[in-house]
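Per-entry structural report
These are the residues of each chain, in order.
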Number of protein chains: 2
Amino acid sequence: MADSIIDSLKAGGKKLTKPRQAILAILESNALPVTAAEVHARLKKARAPMDLATVYRNLTMLQELGLVDPVGLREGQMRYEVRHGREHHHHIQCRGCGRIVDLMLCPLKKLTQLVESQTKFAVEGHSLEFFGWCPQCR
Amino acid sequence: MADSIIDSLKAGGKKLTKPRQAILAILESNALPVTAAEVHARLKKARAPMDLATVYRNLTMLQELGLVDPVGLREGQMRYEVRHGREHHHHIQCRGCGRIVDLMLCPLKKLTQLVESQTKFAVEGHSLEFFGWCPQCR
DNA sequence: TGTTAAATGCGAATCACTTGCAACAAGGAA
DNA sequence: TTCCTTGTTGCAAGTGATTCGCATTTAACA
């Protein structure tokens, strides 16, 4: 587990419990964003079962600390991915099979300024997801 | 009601029922995206009450016909807005008060081609939402 | 006007997610 | 090490959004 994560938890007055470590291990082993249910299922397989409510509580907390990013793909459930050591990026999901692919790009720095001057909002974040058909499904 | 909407319904084998007309009227009178619950409440006020399930069924169907666009702002519920006669656009929502403002811009035409060549997906759509603090809340 | 397929209302179900609470476990202080 | 405080967990129940089954209507058109 990365020191930066442990430091962030400490700074937030959080404890490094066993269940929490297991969740972080699952998250770190996944390149792509996962749902709470998926984390729950993988913990069960990894012989570290825990209550789904605990999974949700931890994902919410990790998000508040800025350690994980939420990814909303209009699936009726949220996905989460660790931020640690990865560039800010976006995703594309296949409308056929649901496959998700990382897009290592974000064209929105300039656009953010435009939005700020246009709306007078202080922009704090954005979500950008693409939908389409993957090579196997098209 | 616009002829183009009626034509689309007809082409999809759909009927132009009274409840459906009422829903479309509500949608057309709203510049900003609304939730199913909001549509349901406004129909009640407008003395054209109908079952919430009917509202959902219609919103889903109108979306499938391409007459309304879904807008996901991570509020735990979807919003919808009529596409008819309006430019493709995005939104920004205040993290404080929830206020939504239209952004009449979309910088993603070029980016879509980049995504397509990078992933080999056939891009069919995207969602782009900004979050921040509005002038009153910042 | 009759026929038929689509649409509606109602109630129950599902699904993702949250909450209350008692038992438990980090982790710093003594 | 032991104690104490406070965050954490499991369990069970609760929400809130959305969907489904089914019997009853209603629009569309022959």
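Residues numbered from 1 in each chain as written. Chains lettered and ligands numbered in written order. Predicted model: local features only at pLDDT ≥ 70, side-chain atom pairs only at ≥ 80, totals over all residues. Heavy atoms only, no water.

1. A word on the protein's contact with DNA strand C
The environment of DNA strand C is formed by 19 residues, the closest being Tyr-56 of chain A together with Lys-15, Thr-17, Arg-20 and Thr-54 of chain B. Among atoms of DNA strand C positioned within 4 Å of the protein, sugar and phosphate together represent 63%. Elements supplying a minimum of two residues to the surface near DNA strand C: α4 (52-64) of chain A together with α2 (18-28) and α4 (52-64) of chain B. (Near = heavy atom within 4 Å. Helix = DSSP H or I, 4+ residues; strand = E, 2+ residues; numbered from the N terminus.)

2. A short note on the pattern of salt bridges
Residue and element names in this part refer to chain A. The final tally for this structure, using the stated rule, is 12 salt bridges over all chains. Taking the shortest distance from any N to any O, the salt bridge between Arg-86 and Glu-81 comes out at 3.4 Å. For Glu-81, a relative accessible area of 5% translates into the label buried. (Salt bridge = Lys/Arg side-chain N within 4 Å of Asp/Glu carboxyl O. Buried < 20%, exposed > 50% of the residue type's maximum accessible area, 1.4 Å probe, protein only.)

3. Comments concerning the protein's contact with DNA strand D
Close contacts around DNA strand D come from 21 residues, with Lys-15, Thr-17, Arg-20 and Thr-54 of chain A together with Tyr-56 of chain B the closest. The share of sugar and phosphate among atoms of DNA strand D within 4 Å of the protein is 66%. At 2.3 Å from a phosphate oxygen of DNA strand D is found a side-chain nitrogen or oxygen belonging to Arg-20 of chain A. Here Arg-57 of chain A contributes a side-chain N or O atom positioned 2.9 Å from a base nitrogen of DNA strand D. For the surface near DNA strand D, the secondary structure elements donating two or more residues are α2 (18-28) and α4 of chain A together with α4 of chain B. Residue contributions to the surface near DNA strand D peak at 4 residues, all from α4 of chain B. (Polar contact = N/O pair within 3.5 Å; in protein donor to acceptor, adjacent residues only side chain to side chain.)

4. Let's talk about the sheet that holds strand β3 (residues 78-82) of chain B
Residue and element names in this part refer to chain B. Pairing in this open sheet of 3 strands is antiparallel, and the strands run β1-β3-β2 from one edge to the other. Of all the strands in the sheet, the pair left with one neighbour each is β1 (34-35) and β2 (68-72). Note that β2 and β3 share 5 bridges and pair antiparallel. Within the sheet, the bridge partner assigned to Val-71 lies in β3 and is Arg-79. (Pairing = 2+ DSSP bridges.)

5. Observations regarding the relation of the copies chain A and chain B
After a rotation of 179 degrees and a shift along the axis of 0.0 Å, chain A superposes on chain B with an RMSD of 0.2 Å. This pairing of chains is accounted for by a two-fold axis. In terms of C-alpha distance to the rotation axis, chain A has Leu-128 of chain A as its closest residue, with the C-alpha 2.2 Å off the axis. Comparing contact sets, 100% of the residues at the interface of chain A also lie at the interface in chain B, consistent with an isologous, same-surface contact. (Least-squares fit on C-alpha atoms with pLDDT ≥ 70 in both. Contact = heavy atoms within 4.5 Å.)

6. With respect to the domain arrangement of chain A
All names here are of chain A. Looking at chain A, the domain boundaries give domain 1 (1-86) and domain 2 (88-138). On the side of domain 2, 9 residues touch domain 1, which itself brings 11 residues to the contact. Across the domain 1 to domain 2 interface the summed buried area is about 840 Å²; carbon plus sulfur atoms make up 59%. Where domain 1 meets domain 2, there are 1 salt bridge. Linking Asp-102 and Arg-86 is a salt bridge whose minimum nitrogen-to-oxygen distance equals 2.7 Å. Seen at the junction of domain 1 and domain 2, the total is 4 residue pairs in polar contact (both at pLDDT 80 or more). If you list the elements that add at least two residues to the side of domain 1 that touches domain 2, you get β2 (68-72) and β3 (78-82). By residue class, the composition of the side of domain 1 that touches domain 2 is 5 nonpolar, 1 polar and 5 charged. (Domains from an automatic or database assignment. Buried area = accessible area lost by both parts, 1.4 Å probe. Nonpolar A, V, L, I, M, F, W, Y, C, P; charged D, E, K, R; others polar.)

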